[in-house]
Amino acid sequence: MEILSLASEVFDIEAKAILGLKEKLGNCFEKAVVLILATSGKAIICGMGKSGIIGKKIAATMASTGTPSFFMHPGEAYHGDLGMVSPDDVFIAISNSGETDEVVKLIPFLKDNGNVLIAMTGNPKSTLALAANYHLDVGVEQEACPLQLAPTASTTATLAMGDALAVTLMKARDFKPENFARFHPGGSLGRRLLSRVENEMATENLPILNATASMADVITTMSKSGLGLAIVMAEDIAHVITDGDLRRAIERYQAELFSKCANDLMVANPVTVKVGTRVEDALQLMDTKGINSVLVSDGQSIVGVFKK
């Protein structure tokens, strides 16, 4: 069995299915986007089986990129969940055949409820397609499945059409990284854009010394803190000694190093940010300066150290 050849054939078939969608785009897609943008309700995605799995992904993508949406299982919808559908909601029904019974039997309710119905099917002449206000054709010439039974290329095409909808809506809404971060506070982007330095800075046992501290005290204090620096206070002004400063001092002074004090190594005007600074802004500043940590001030005194 030509394993790699078979796998490559799947890629060819599915790539062709996606590229074929470009020729199917038209007036219905544009109107669907304009409608979703204008609605005060949500986009409700519905599908059965593999189409339902794809529908869940489309709903999740829309929800995280600025289009309020959720997935509704057609079986659950028929047994009470239709109560969650308001007249202002846009209903997006997915069925490759366009004849999936669990989906088709929701049409009378949607019509009576005044919902706009967008259908994603592979058959423009199907019951679902003809009943829809707008039909998005996701038909493919063949499935990657050699038996032409398992949904493969058709589900890939449907997912791509859903991505096209979500991304077009996202750009139309001028959706920005900070908007995305609000919906993903647990991710790295959410941390950078939503968190403030005071949420993540070190505040306990800060390595603070006076300017006359011996070199032994400087090294001991820096080692205990694990922050890679020491904060030297001279006349109520903060200075710093970093690991790099200490290494350079060793090269310069060698055996005479321990005759020096903090005042001899400290660097004036260290990079400092204020409480309330976004993590993203602090990280950008640190990248610009080529440093790994900054002092955090409340306007009167140093209250913490923020590190990458």
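Going by the structure above, here's the rest.
Residues numbered from 1 in each chain as written. Predicted model: local features only at pLDDT ≥ 70, side-chain atom pairs only at ≥ 80, totals over all residues. Heavy atoms only, no water.

## Thoughts on the packing of aromatic side chains
Cut-off, in case you're wondering: For Phe, Tyr and Trp, where Trp contributes only its six-membered ring, two rings pair if their centres lie within 6.5 Å, and the inter-plane angle classes them as stacked under 30 degrees, edge-to-face over 60, or tilted in between. In this scheme, Lys NZ or Arg CZ marks a charge over a ring once it lies within 6 Å of the ring centre and within 35 degrees of the ring normal.
If you walk through the whole model with that rule in mind, you get zero aromatic pairs. For Lys-105, the ring lying beneath its charged end belongs to Tyr-78, and the centroid distance is 4.1 Å.

## Details of the sheet that holds strand S10 (residues 293-297)
For the record, the criterion: What makes two strands pair is DSSP finding at least two bridges between them. What counts as a helix is a DSSP run of H or I of at least four residues, what counts as a strand is a run of E of at least two, and both are numbered from the N terminus. Here an axis means a line fitted to C-alpha atoms, over the contact stretch when the element is a helix, while the angle between two N-to-C directions is reported on a 0 to 180 degree scale. Contact between two residues is taken to exist if any of their heavy atoms lie within 4.5 Å; hydrogens are not considered.
With respect to topology, three strands assemble into an open sheet ordered S9-S10-S11, the strand pairing being mixed. Strands at the two margins of the open sheet, each flanked by one partner only, are strand S9 (272-274) and strand S11 (302-307). Going from strand to strand, the sheet's axes swing by 35 degrees on average, the running direction of each strand aside. As paired strands, S10 and S11 are joined by five bridges and run antiparallel to one another. Within S11, the position partnered with Val-296 by the bridge is Gly-304. Strands S9, S10 and S11 of the sheet are contacted by helix H15 (residues 279-289), whose axis makes an angle of about 70 degrees with S11.

## Here's the deal with the sheet that holds strand S6 (residues 208-210)
Strand order in this open sheet of three strands is S6-S7-S8, and the pairing throughout is mixed. At either margin of the open sheet sits one strand with a lone partner, and together these are S6 and strand S8 (237-242). For this sheet, the mean angle separating the axes of adjacent strands, direction not counted, is 35 degrees.

## With respect to unusual backbone geometry
Excluding glycine, most residues fall at negative phi; most peptide bonds, likewise, are trans. Phi angles above zero are rare outside glycine, and Asp-236 is one such case at about 65 degrees. Phi is positive for Gln-254, which is not a glycine, with a value near 50 degrees. With respect to the secondary-structure elements, Gln-254 resides in the loop between helix H13 (243-253) and helix H14 (262-265).

## Quick word on the side chain of Ser-95
Note the threshold: We call a residue buried when its accessible area falls under 20% of the maximum for its residue type, exposed when it is over 50%, and partly exposed in between, using a 1.4 Å probe and counting protein chains only. In the analysis that follows, any N or O atom pair within 3.5 Å is treated as a polar contact, provided that within protein one partner can donate a hydrogen and the other can accept it, and provided that, for residues neighboring in sequence, both atoms belong to side chains.
By secondary structure assignment, the location of Ser-95 is in the loop between strand S3 (90-94) and helix H5 (101-104). Residue class for Ser-95 comes out buried when judged on its relative accessible area of 1%. Here the side chain of Ser-95 touches Thr-100 through a polar contact of 2.7 Å, side chain to side chain. Non-local contacts of Ser-95, meaning those with residues more than four positions away in its chain, are made with Ser-51, Thr-100, Met-120, Thr-121, Gly-122 and Leu-128.

## Description of the packing of helix H1 (residues 3-20) against helix H8 (residues 153-172)
Note the threshold: In these notes the angle categories are as follows: under 35 degrees is roughly parallel, over 145 is roughly antiparallel, 65 to 115 is roughly perpendicular, and the rest is oblique. Each crossing gets its handedness from the near helix: less than a right angle anticlockwise from the far helix is left-handed, clockwise is right-handed.
At a minimum axis separation of 9 Å, H1 and H8 run at an interaxial angle of 40 degrees. The angle between H1 and H8 places the two elements in the oblique class. Viewed along their axes, H1 and H8 form a crossing whose handedness is right-handed. Mapping the contact onto sequence places Ile-13, Glu-14, Ala-17 and Ile-18 in H1 and Ala-153, Thr-156, Ala-157 and Ala-160 in H8.

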